[in-house]
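Chain by chain, the residues:
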Amino acid sequence: MSYADRLFKETCRDILENGTDTKGELVRPHWEDGTPAYTVKKFGVVNRYDLRKEFPAITLRRIALKSAMDEILWIYQKKSNNIHDLNSHVWDSWADETGSIGTCYGDVIRRKFIYKGEETDQMDYVLRQLKENPYSRRIMTNMYQFEYLHSGGLDPCCYSMTYNVTAPRPEDTDRRLVLNAVLNQRSQDMLAANGWNVCQYAILLMMVAQVNDMVPGELVHIIADAHIYDRHVPMIQELLTREEYPAPKVSLNPEVKDFYQFTTQDLIVEDYVTGEQIKNIPVAV
Ligand SMILES: Nc1nc(=O)c2c([nH]1)NC[C@@H]1CN(c3ccc(C(=O)N[C@@H](CCC(=O)O)C(=O)O)cc3)CN21
Ligand SMILES: O=c1ccn([C@H]2C[C@H](O)[C@@H](COP(=O)(O)O)O2)c(=O)[nH]1
C-alpha cells in the first residue's frame, strides 16, 4: 500500500485529533461567499519520503500528476508568473487582468543575480552547483524574498528547496550519488494541495537528479502550518475511511539530459489505481 497514503492519513488524523482551531481568529482567507475560512491546524509537521522505495503519490484520490508537473515546470523551468503559460487553472483566482500573479514564484526564480562574477538565476545556480560542487551544503532555491512580497498574488507556500548529495549506502546496488532534498513549506492546505505539492517536488527532485546522473533519494517535507479548512473536514473524514492501493510507478523519459528540455510528456505514470476523485473541492481564496 502506498506509503504516502499512510503518512497522509496519519497527518490528517493528528490534525483533527490534536490540532488547534482558528475559529474566531482574524484569518486572511475566505470562501467564495465571503465567510472567513477557518482551519484546524498543527504546527511543525515533518514527513519523509524515500523515492528509492516508491513514488510518494497518495492513492486515496487521484493526483493530477501531469498538471502537478506542469506547475513545477512553470515555476522552475519556464520561470513564469503568468497563468497563460500554465495549462491548469489552479492559479486563476490569484491572477490580475494580464494573467500575472505578480512578483512571486517563477518571477523570483527568474531574477538574475551575480554569483562569483557571473550572472545567474536560482535554478541555474542549483544546476551548476550540483555539476561543479555536488558536496556543497549551500545548494538551494528560496522564493521567500521579502522585497518582492508586497506585489505578489500569494506569498509562496512551498518556498525553499535545499538539495543535498549523499554517497550510496553499502546495500545500494546503484552506485551513483544520491540526491536528496528538504522542501520547506510555511502553509499547507491538506486537502487541496498536500498530495499535489509532495508529488510536484518529488518530480522536481527526479528531474534534477536525472540531469546530474544521480539517484533521487529522500524528500523531507517540513510544514510549518498544516491545516484542514472547516469546509474540508467532512471530505477529509471520508478520505480517512478509504481503501489504499499500491503506489504508482512514476518515471521520467531517460533520454532527457537537460533540465530545460523536460515536458509533461516525459512523465511516465504506470499502474496508478486510485479511489474516486472528489469533485469541486472548494478552495479558500
Ligand atoms: N486555500 C488554498 N489552497 C491551495 O491549495 C492553494 C491556494 N489556496 N492558493 C493557490 C494555490 C492553488 N493551488 C491548488 C488549487 C487547486 C488544486 C486542484 O484542484 N487540483 C486538482 C487538479 C487540478 C487539475 O487537474 O488541473 C486535484 O485534483 O488535485 C491544486 C492546487 C494550491 N494553492
Ligand atoms: O502550493 C501551495 C499553495 C498554496 N497552498 C495553500 C496553503 C494555504 O491554505 C493557502 C495560502 O494561504 P496563506 O494565508 O498565504 O497561508 O494556500 C498550499 O497548500 N500549497
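Structure's up top.
Residues numbered from 1 in each chain as written. Chains lettered and ligands numbered in written order. Predicted model: local features only at pLDDT ≥ 70, side-chain atom pairs only at ≥ 80, totals over all residues.

**Observations concerning the nonpolar core**
Our working definition: Working definition: the nonpolar core is a set of buried Ala, Val, Leu, Ile, Met, Phe, Trp, Tyr and Cys residues, joined through C-beta atoms within 7 Å. To sort residues by burial, count the other C-beta atoms lying within 10 Å of each one's C-beta; a count of 20 or more means buried, 12 or fewer means exposed, and anything in between means partly exposed. C-beta atoms are built from the backbone. The numbering of helices and of strands both runs from the N terminus, where a helix is a DSSP run of H or I of at least 4 residues and a strand a run of E of at least 2. Each residue is represented by a C-beta atom placed from its backbone, and any two residues with such atoms within 7 Å are regarded as in contact.
Counting residues in each nonpolar core, the largest one holds 69 residues, and the members touching the most others are Ala 57, Leu 179, Tyr 201, Ala 202, Ile 203 and Leu 205. Broken down by element, this core gets its largest block of residues, 13 residues, from helix 5 (residues 190-211). Other than its neighbours up to four places away in sequence, Leu 179 contacts Tyr 163, Val 165, Leu 205, Val 208, Ala 209, Asn 212, Met 214, Val 215, Pro 216 and Gly 217.

**Details of the pairing of strand 8 (residues 215-229)**
Defined as follows: Should DSSP find at least two bridges between two strands, the strands are regarded as paired. Convention used here: a crossover is right-handed provided that the path from the first strand, over the helix, to the second strand proceeds clockwise when the strands point away from the viewer.
Relative to strand 8, strand 2 (residues 39-50) runs antiparallel, the two being bridged by 11 bridges. When the sheet's bridge partners are listed, Tyr 49 is paired in strand 8 with Leu 219. Pairing analysis gives 10 bridges linking strand 7 (residues 178-189) to strand 8, with the strands arranged parallel. Following the sheet pairing, Gln 188 is matched in strand 8 by Ala 226. After leaving strand 7, the chain enters helix 5 and then returns to the sheet as strand 8, a path that is right-handed.

**Comments concerning the site of ligand 1**
As a reminder, the rule being used: Near residues are defined by distance alone, with the backbone-placed C-beta atom required to lie within 6 Å of the molecule or strand. For this scheme, ten residues count as nonpolar: Ala, Val, Leu, Ile, Met, Phe, Trp, Tyr, Cys and Pro. Four count as charged, namely Asp, Glu, Lys and Arg, and the remainder, Gly too, count as polar.
Taken together, 16 residues surround ligand 1, and among them Ala 64, Ser 88, Asp 189, Ala 192 and Ala 193 come closest. A total of three residues in the shell around ligand 1 trace back to one element, the largest contributor, which is helix 5. Taken together, the residues of the shell around ligand 1 sort by class into 13 nonpolar, two polar and one charged.

**Here we look at the environment of Met 206**
Mapped onto the elements, Met 206 comes out in helix 5. Remark: the alpha-carbon pair of Met 206 and Val 250, spanning 44 residues in sequence, is separated by 9.8 Å. Ignoring anything within four residues of it in the chain, the contact list for Met 206 reads Leu 51, Pro 216 and Leu 252.

**Digging into helix 2 (residues 65-76)**
Quick note on the threshold: Here the expected span of a helix is defined as 1.5 Å times the quantity of residues minus one.
Taking 1.5 Å of rise per residue, 12 residues should cover 16 Å, and helix 2 covers 16 Å from first to last C-alpha, within 8% of that figure. Taking burial as the measure, the 12 residues of helix 2 include 10 buried ones, the bulk of the element. All of the buried residues in helix 2 are Leu 65, Ala 68, Met 69, Asp 70, Glu 71, Ile 72, Leu 73, Trp 74, Ile 75 and Tyr 76. Buried positions along helix 2 lie against helix 3 (106-110), helix 4 (122-132), helix 5, strand 9 (249-252) and strand 10 (267-270).

**Considerations on the site of ligand 2**
Taken together, the residues surrounding ligand 2 are Arg 28, Pro 29, Leu 154, Asp 155, Cys 157, Cys 158, Ser 187, Gln 188, Asp 189, Ala 193 and Asn 197. Broken down by secondary-structure element, the contributors of at least two residues to the shell around ligand 2 are strand 7 and helix 5. Element by element, the count of residues in the shell around ligand 2 is highest for strand 7, at three residues. Its residues placed into classes, the shell around ligand 2 shows five nonpolar, three polar and three charged.

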